[in-house]
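A closer look at the structure
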Amino acid sequence: MAYWIKFAYDKNTYIIDLETVGAFSSELENKRLTFWLPNSNQPIILNPLGHSDAYKQVLDYLKKTLDRNSKGSWIKINYDRKEFAIDLSRISSFVCEPNGRLSFWLPDSANNIIITRQANADAYQKVHDYIKNTTGQSLL
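On a predicted model such as this, the values are computed, not experimentally measured, just so you know.

**Looking at the pattern of salt bridges**
All chains considered together, the criterion is met by seven salt bridges. The residue D67 makes a salt bridge to K63 at a minimum N-O spacing of 3.0 Å. Placement of both D67 and K63 in helix α1 (residues 52-68) is noted, with a separation of four residues, approximately one turn of the helix. Salt-bridge contacts for R101 lead to E97; the nearest nitrogen and oxygen are separated by 2.7 Å.

Structure follows, in structure tokens:
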């Protein structure tokens, strides 16, 4: 089901189906909300003052999506002083290092996420469970 929004950003007008976006990050301090355009690594950075309508629409979409997919592929994790909402079904590779760190790259972005059991036990378990349930394989 498509979830189209239209907004102005950097002198351009965008129409984006948020259902095609695989990851969002929000910074609690400055309230910036970032996502990457599908099939691109171009970030869109929204804030409540400069892009109030689009900002609200994206937040509404995230709330509905996370509520609806609470046991699905979407996870919410805190990482690097940001809160990320990530659709794990859009991740095509996961890496487990010998020290147990799990890592993956955000869809349509050059950003990677590295989580450890010690620093972020909940996110670590969610990612591991997703990998196990989806692939039948365990990285541990």
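**Let's talk about the environment of I5**
Position of I5 relative to the elements: it lies in strand β1 (residues 4-9). Its relative accessible area of 3% is what places I5 among the buried residues. If we ignore the near neighbours within four places in the chain, the residues touching I5 are Y14, I15, I16, L18, Q57 and V58.

**As for the sheet that holds strand β10 (residues 112-115)**
One open sheet holds the three strands; their spatial order is β8-β9-β10, and the pairing between them is antiparallel. The open sheet has two edge strands with one neighbour each: β8 (95-96) and β10. Inspection of the sheet shows strand β9 (residues 102-105) paired to β10 by four bridges, in the antiparallel sense. Its bridge partner being in β10, F104 is matched across the sheet by I113. Sheet strands in contact with helix α2 (residues 121-135) are β9 and β10, and its direction is about 70° off that of β9.

**Quick word on the nonpolar core**
Judged by nonpolar contacts, the single largest core of 21 residues is most densely connected at F7, F24, F35, L46 and V58. Contributions of two or more residues to this core are made by β1, β2 (12-17), β4 (33-36), β5 (43-46) and α1. Ranked by the residues each element gives to this core, the list is headed by α1, at six residues. For F24, the contacting residues outside a window of four places in its chain are L18, T34, F35, V58, Y61, L62, W74, E83, F84 and A85. With 19 residues, the next largest nonpolar core counts I77, I86, L102 and Y124 among its residues.

**Points about the sheet that holds strand β6 (residues 74-79)**
In spatial order, the strands read β5-β4-β3-β7-β6; together these five strands make up an open sheet with antiparallel pairing. Single-partner strands in this sheet number two, and they are β5 and β6. Across the sheet, the mean angle separating the axes of adjacent strands is 20° when strand polarity is ignored.

**Comments concerning the packing of aromatic side chains**
In the structure shown here, the tally under the stated rule is nine aromatic pairs. An angle of 15° between the planes, with centres 5.7 Å apart, marks the rings of F7 and Y14 as stacked. Y14 matches F7 in its accessibility class, with the two residues each being buried. When the ring of F94 is compared with that of Y130, the centres are 6.4 Å apart and the planes differ by 55°; the resulting orientation is tilted. Residue F94 is located in the loop between β7 (82-87) and β8, and its partner Y130 is located in helix α2; the two are separated by 36 residues in the primary sequence. Through a chain of ring-to-ring contacts, the aromatic side chains of Y3, F24, F35, Y61 and W74 assemble into a single cluster.

About the criteria used
The residue numbering used here restarts from 1 in each chain and proceeds along that chain's sequence as written. Local features in this predicted model are restricted to residues whose pLDDT is 70 or higher, and side-chain atom pairs enter the listing and the counts only when it is 80 or higher, whereas totals over whole chains, interfaces and linings include all residues. For side-chain calculations, the full set of non-hydrogen atoms in the structure is used, while hydrogens and water are omitted. Salt bridge, as applied in this entry: a Lys or Arg side-chain nitrogen positioned within 4 Å of an Asp or Glu carboxyl oxygen. The secondary structure listing takes helices from DSSP runs of H or I that are at least 4 residues long and strands from runs of E that are at least 2 residues long, numbered from the N terminus. For every residue, the accessible area obtained with a 1.4 Å probe (protein chains only) is divided by the maximum for its type, and the residue is called buried under 20%, exposed over 50%, and partly exposed between those limits. Residues count as neighbours in contact if any of their non-hydrogen atoms are within 4.5 Å of one another. Note on pairing: two strands pair once DSSP finds at least 2 bridges between them. Orientation is described by axes fitted as lines to C-alpha atoms, over the contacting stretch for helices, and by angles from 0 to 180 degrees between their N-to-C directions. Side-chain atoms within 4.5 Å are what join buried Ala, Val, Leu, Ile, Met, Phe, Trp, Tyr and Cys residues into a set we call a nonpolar core. Note on aromatic contacts: the rings of Phe and Tyr and the six-membered ring of Trp form a pair at centre separations within 6.5 Å, being stacked when their planes are under 30 degrees apart, edge-to-face when over 60 apart, and tilted otherwise.

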